[in-house]
Amino acid sequence: MEASEAGFTCAICLDDLPPPPARLPCCGSSSSTIQYCADCVAAVCRNGVGGVGRCPTCRAYFTVDSAGTITQCERQDVCAICRQGRLIVAEHRGHPLCDACHFGRAVPLRYECANCSAVQHIPHPMYRYQRTPHEFGTTSWACHRCGDFTMWRVAQADAARVPAADAPESWGRRDEWLAQVRAQRTAPARGRSPALDFVFVLSFLVSAYYFERYLSALLGISLLFRNELWEAFFLAGVAYERRRRG
Ligand SMILES: [Zn+2]
Ligand SMILES: [Zn+2]
Ligand SMILES: [Zn+2]
Ligand SMILES: [Zn+2]
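Here is what the cut-offs are and how they apply
- Residues numbered from 1 in each chain as written.
- Chains lettered and ligands numbered in written order.
- Predicted model: local features only at pLDDT ≥ 70, side-chain atom pairs only at ≥ 80, totals over all residues.
- Helix = DSSP H or I, 4+ residues; strand = E, 2+ residues; numbered from the N terminus.
- Buried ≥ 20, exposed ≤ 12 C-beta atoms within 10 Å, placed from the backbone.
- Contact = placed C-beta atoms within 7 Å.
- Pairing = 2+ DSSP bridges.
- Axes fitted to C-alpha atoms, helices over the stretch in contact; angles between N-to-C directions.

**Focus: the overall build of the protein chain**
Okay, step 1: Along its length, the protein chain carries six helices and 13 strands.
Okay, step 2: Across the 246 residues of the protein chain, 29% fall into the buried class.
Okay, step 3: Relative to all contacts within the protein chain whose residues are 6 or more apart in sequence, the contacts with residues 24 or more apart total 43%.

This is the structure we're talking about:
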């Protein structure tokens, strides 16, 4: 591929792009065969729980600020919830949170006890210890009903809520994760400009009162194309009212 010789192919969006690729602090050396573009890296963070992204190559945690600077989460500290010295990926009201407590807090899920089948909420990503979504995990947690430290699996009703980015590799959701990131990246920014909306509405009203209703219809259609459905219906009602009276 001659076109990509000077540039690189992003491993997420698969576009051939001009250099430079995004420099991931974890495995982003320029000689790396797997490269990502800056837009995809930012989308990985938007898709990630609480703005924390994971490197698709090595699963390191990172964040991206508004200037596009990528920072790998490397701080080791005592987590405010589990009280263990661990890698800190986020903060809650100024208190450091480890990755497990961050995910457990941000995505609360219910789990089923292997011993008594009770279902309870566990604020820890217990799905990480499950080889498949249906098998019980390999790490214990206290059951409120049978009182034992037992094994758990995510409740069937909550299985779909396990973030694709954080599901174990053996669950086979990697492609789904990257597809989500691609979709996030290409989704049009639904930016509404209040000034433009005002001009649209004003010109519609003026045309409805003083000019032809065909012009009004044209403006109504352009509003529809901007996905402002309720405004379009409202204005269509105004135009209809004008026509009925006139
Ligand atoms: Zn990309
Ligand atoms: Zn990495
Ligand atoms: Zn913790
Ligand atoms: Zn139990």
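**Remarks on the environment of valine 201**
Okay, step 1: Within the secondary structure, valine 201 sits in helix 4 (residues 194–210).
Okay, step 2: Using a count of 17 C-beta atoms within 10 Å as the deciding quantity, one classes valine 201 as partly exposed.
Okay, step 3: Separated by 34 residues in sequence, valine 201 and leucine 235 place their C-alpha atoms 8.0 Å apart.

**Looking at the sheet that holds strand 6 (residues 76–78)**
Okay, step 1: Spatial ordering of the open sheet is given by 6-7-8, a layout of three strands whose pairing is antiparallel. Every interior strand has two partners, whereas the edge strands, strand 6 and strand 8 (95–98), have only one. Neighbouring strand axes in the sheet, compared pairwise and without regard to direction, differ in orientation by 70° on average.
Okay, step 2: Where strand 6 meets strand 7 (residues 85–92), three bridges bridge the pair, whose relative direction is antiparallel.

**Focus on helix 1 (residues 38–47)**
Counting along an α-helix, one turn takes 3.6 residues, and residues three or four places apart therefore face a common direction.
Okay, step 1: The element helix 1 is extensively covered by neighbouring structure, given that seven of its ten residues are classed as buried.
Okay, step 2: Taken residue by residue, helix 1 has Cys40, Val41, Ala42, Ala43, Val44, Cys45 and Asn47 as its buried positions.
Okay, step 3: Among the structural elements, strand 3 (53–54), strand 4 (61–64), strand 5 (70–72) and helix 3 (174–186) are those in contact with the buried residues of helix 1.

Coordinates in, geometry out; function isn't part of it.
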